[in-house]
Structures are given as structure tokens and as C-alpha cells.
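Inside the fold
Here is what each chain is made of, one letter per residue.
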Amino acid sequence: MPTKRPSNGSTTPDYLSRRGLIAGAAAGSLVGGPSWASPPATLAGAARAAGLRFGAAVRASALDQPRLRDVLAREAATLTPELELKWAALEPAAGRRHEAGADRIAAFARGHGKRLRGHTLLWHRSVPDWAARELASGGGWDIVARHIDATVGRYGALVDEWDVVNEPIEIGARPDGLRANAFIDAFGSDYIARALRAAHAAAPRARLFVNEYDLEYDLPAHRARRAALLRLATTLIERGVPLHGVGIQAHLDLGKGELATDELRGFVAALAALGLTVAVTELDCKEVDYIRPADERDRLVAAHVAGFLAAVLPHPAISSASCWGLTDDQSWLEVTAADRARFPGAWADGSSPGFNRGLPFDAAGRPKAMRDALLAAFAARPRS
Ligand code: XIL
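Overview of the structure.

What counts, and where the lines are drawn
Residues numbered from 1 in each chain as written. Predicted model: local features only at pLDDT ≥ 70, side-chain atom pairs only at ≥ 80, totals over all residues. Heavy atoms only, no water. Helix = DSSP H or I, 4+ residues; strand = E, 2+ residues; numbered from the N terminus. Buried < 20%, exposed > 50% of the residue type's maximum accessible area, 1.4 Å probe, protein only. Contact = heavy atoms within 4.5 Å. Areas by Shrake-Rupley, 256 points an atom, 1.4 Å probe, with all protein chains shown as cover. Near = heavy atom within 4 Å. Polar contact = N/O pair within 3.5 Å; in protein donor to acceptor, adjacent residues only side chain to side chain. Nonpolar A, V, L, I, M, F, W, Y, C, P; charged D, E, K, R; others polar. 1 Å grid on protein atoms, 1.4 Å probe; cavity = no way out; pocket = protein on both sides within 12 Å on 5 of 7 lines; lining within 4 Å. Points joined across faces, edges and corners; volume = space filled by probe spheres on them. Pairing = 2+ DSSP bridges. Right-handed = clockwise from strand over helix to strand, strands pointing away. Salt bridge = Lys/Arg side-chain N within 4 Å of Asp/Glu carboxyl O. Phe/Tyr/Trp six-rings, centres within 6.5 Å; stacked < 30°, edge-to-face > 60°. Lys NZ or Arg CZ within 6 Å of the ring centre and 35° of its normal.

**Description of the overall build of the protein**
A count of helical and extended segments in the protein gives 14 helices and nine strands. Evaluated residue by residue, the protein yields a buried proportion of 55% over its 384 residues. Relative to all contacts within the protein whose residues are 6 or more apart in sequence, the contacts with residues 24 or more apart total 79%. Of the roughly 15300 Å² that the protein leaves accessible, carbon and sulfur atoms contribute 52%.

**Considering the site of the ligand**
All residues in the neighbourhood of the ligand are listed as E82, L83, K86, H119, W123, N166, E167, Q249, H251, E282, W324 and W332. Within the side chain of K86, an N or O atom sits 2.7 Å from an oxygen atom of the ligand. Between Q249 and the ligand, the recorded distance is 3.2 Å, taken from a side-chain N or O atom to an oxygen atom. Contact with the protein chains hides 82% of the accessible area of the ligand, taken as 420 Å² for the molecule alone. Of the residues contributing to the shell around the ligand, the split by class is four nonpolar, four polar and four charged.

**Description of empty space enclosed by the protein**
Counting across every chain of the model gives four cavities of 30 Å³ or more. One number sums up the size of the second largest cavity: a volume of about 60 Å³. Contributing elements (two or more residues each) for the lining of the second largest cavity: β3 (115–123) and β4 (159–166).

**Here's the deal with the pairing of strand β1 (residues 53–58)**
Taken across its six residues, β1 has five buried, putting it largely inside the fold. Note: β1 against strand β9 (residues 318–323), four bridges, orientation parallel. When the bridges of β9 are listed, R53 appears paired with S320. As judged from the four bridges shared by β1 and strand β2 (residues 78–81), these two strands associate in the parallel manner. Residue pairing in the sheet places A57 in a bridge with T80 of β2. Viewed along the sheet, the connection from β1 through helix α3 (residues 66–75) into β2 turns out right-handed.

**Examining the pattern of salt bridges**
Inspection of the entire model under this criterion finds 29 salt bridges. Two residues, R104 and D64, come together in a salt bridge whose shortest N-O distance is 2.9 Å. One end of the pair, R104, is in helix α5 (residues 100–111); the other, D64, is in the loop between β1 and α3, with 40 residues separating them in the sequence. For R104, a relative accessible area of 33% puts it in the partly exposed group. Given a relative accessible area of 53%, D64 falls into the exposed group. Of the charged contacts, one joins R342 and D339 as a salt bridge, the two residues approaching to 3.1 Å between their closest N and O atoms. You can call R342 partly exposed: its relative accessible area is 41%. Residue class for D339 comes out buried when judged on its relative accessible area of 5%.

**Details of the packing of aromatic side chains**
Applying the stated criterion to the full structure yields five aromatic pairs. When the centroid spacing of 6.2 Å and the interplanar angle of 65 degrees are considered together, the rings of F54 and F378 count as edge-to-face. Note that F54 is positioned in strand β1 and F378 in helix α14 (residues 369–380), a separation of 324 residues in sequence. Across the pair, exposure class does not vary: F54 and F378 are buried alike. With 5.8 Å between their ring centres and 80 degrees between their planes, F343 and W347 make a pair best called edge-to-face. Of the two residues, F343 and W347, both sit in the buried class. Here the basic side chain of R117 rests over the ring of F209, its NZ or CZ set 5.1 Å away from the ring centre.

Right under this line is the structure:
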């Protein structure tokens, strides 16, 4: 199928056009097409050929679904535990670790020759209550160090990339752009360097990341966040802290306007100039219009994703690209009551907007235009 390399979200590449969709459907690769017993390529394979790892987040409970297991087994080279490695999930009571969920994902990964993305050692939204109390009452670094050691110790053999600190930036909270959280209250801004050093001691060969959201759009808050994250990375590198990469979450949203494609290119290049790797860690896309036919919705999502990927993927500093889920039914992005309320009178016949269609596969495990956009972006990546 002829493809035109998209330069940004405003041009429609051939593979997303009506003609491309029909050709794709005939090849059994799109919504409504025949089931895809022998797909032309897998995301993992196409990414590998482009020098990238492709992965997807998964919850342990979702591994009960044979269809999802099949899609994951075939399409993903790495799995990101969506919840199970977070501190509050792993250690809900002090010293009593709940490892069954993470173990299950690790066993699936091992059994299918896959790696894990280690997400995430420290996140302000996943501090167990007991740890938050200890940190607030002057508890020492040792509880953090024990958590890092135990987690990296148990899963590290499967993990090449750890998100050591998740979402450390908060615009407006502090002059240095860092998030005001339980860790900064207890240890000051140095908690990030300390966590990276602890993770490095536990996993000397792993690439250690900070991972951040709201970096992708041409919006003042995103601009400020890119700048603050670049400042943080620069400071850490200048101090010799073992930081190896930055994760761009890439929770895209059709309601957020233009992607900051030029600025994103510059941002990736600036991180690369520090010697850092960059990963796309949580790619998905929130929709705005749930009324259009599914194939049109899929085309809008795919064009937007293609615009984002065209901005970042060509840079050689990109090491991996992961989606936050693979099939729409598993997405954390839900069609909310507020979403429905934007369309008065819609679905009065008892029909439904279905799921948010912001992942590469639909709820039945059929590939959609977003998967084609990923394949095309991998294929278009310059070979070094
Ligand atoms: C989300 C999960 O997808 C949800 O199921 C959970 O309720 C909250 O966490 N950024 C991150 C991820 O770094 O860890 C978040 O995952 C989504 C936003």
C-alpha cells in the first residue's frame, strides 16, 4: 500500500485516506475486515526492524482474557505492569509485599520471551498510607531504599528500563518546577538523585528514567513542563547522577489542539544532547467526538498519533515506544458521563458510544488505523 510520510497531524497520509482504508480492509488489517490470521507484520517486529522496542501496559487481571493474551504475545516485545509495580500495590502494609500480580505479568513475559518496563518506583499517587505517615513524621530514607531494593531485586532481571521517578514536575508548585510531594517534603529535591542512585546500585545495567506527562501540546502548561523537565535532566546529568533516559508519556487528546511538533523535536534533541535516551512510554489518545462512525473515529485518532510519532520517532535517541494498553476495552481512558453529555439526544435508542478508541486494537482484538500509523512510523524511521 503506498504511504506518504506524514509531517504533522494536519496532512492525511495515504494509509489513512479513504483509498488506504479500503485497501487496508481488503488486506484484512482494519476494523470490520476479516480476521487477521496472518497479519503482514507485528508492531514488535516492525519496531525491532527500526531499532526500537514496542511494548504495551497490561494489568495482571487482564491476562485472564485469551484474546488479549494472544494480541500481547504477538504484538508486544515489552510489557509494562499498569498497576502492579507501584509501591501502594506492592506493599499496602509495611513489610507485607503483595507480589502476586507483578509475578503473574513477569511469568507471562518470561514465558513469551518478553521484557518488562519497570513502572514505577516512586510516584506521588502511589505512596502507601503507612509510608506516607512515616515520611511525614520524619521517617528515614530506609523505607524508600528497602522498597527500591526489594522491587528491583525481584524483577530487575527482566527490566531494561526503570521509570525510577514518575511525574516529578508540577508547574506552579515550586520555583524549581518540581512537584510538591511526600518525597520532597521528607528529603528535599535531592530525593530524585537519591532514588536514581539507589536504583543504579540495585540494577547497574538498567537504563534509569524519569517519566512525565503533559509534554506534547502547544499549550503554555506543556511548554513550561518541557522546560522544567529539561532543567531537571540537565541538573542531574551535570551532577553525575545516574539518569539515562526521559519518558514522554504521550497520553494524547484530540481535544487539546495542536501538537507542538517542532518543540517536541527540539525537546528530544536537547535531551539527546545530554546523552539521554528518550522513550514514548504510555501512548494512547482520548477522543472528543463519539458520534461519528467507528472508522472515522479511528482515522482521526490515527492521524493524530501519526503526527506525534512523526515528530519524535525519527530521532535516534528514541529507544522504545509503548502504548498504555493494546485493546480499547482495556484502556484506562473511559467514555465518561461528561463525554456523553456533550451529545444531547445521542444513544437514546439504547445504543452506546462503546469504548474510547484510542489504542491500536479494538475491543475484539482487531487492528485499527492506529496500528497502521504505528507500523508506518516504524517503517519510516531513518536507519542508522
Ligand atoms: C494509571 C492506570 O492506568 C489506572 O488504571 C490507575 O487507576 C491509575 O494509574 N500516568 C502514569 C500511569 O504514569 O501510571 C497511570 O496509570 C496513567 C497516567
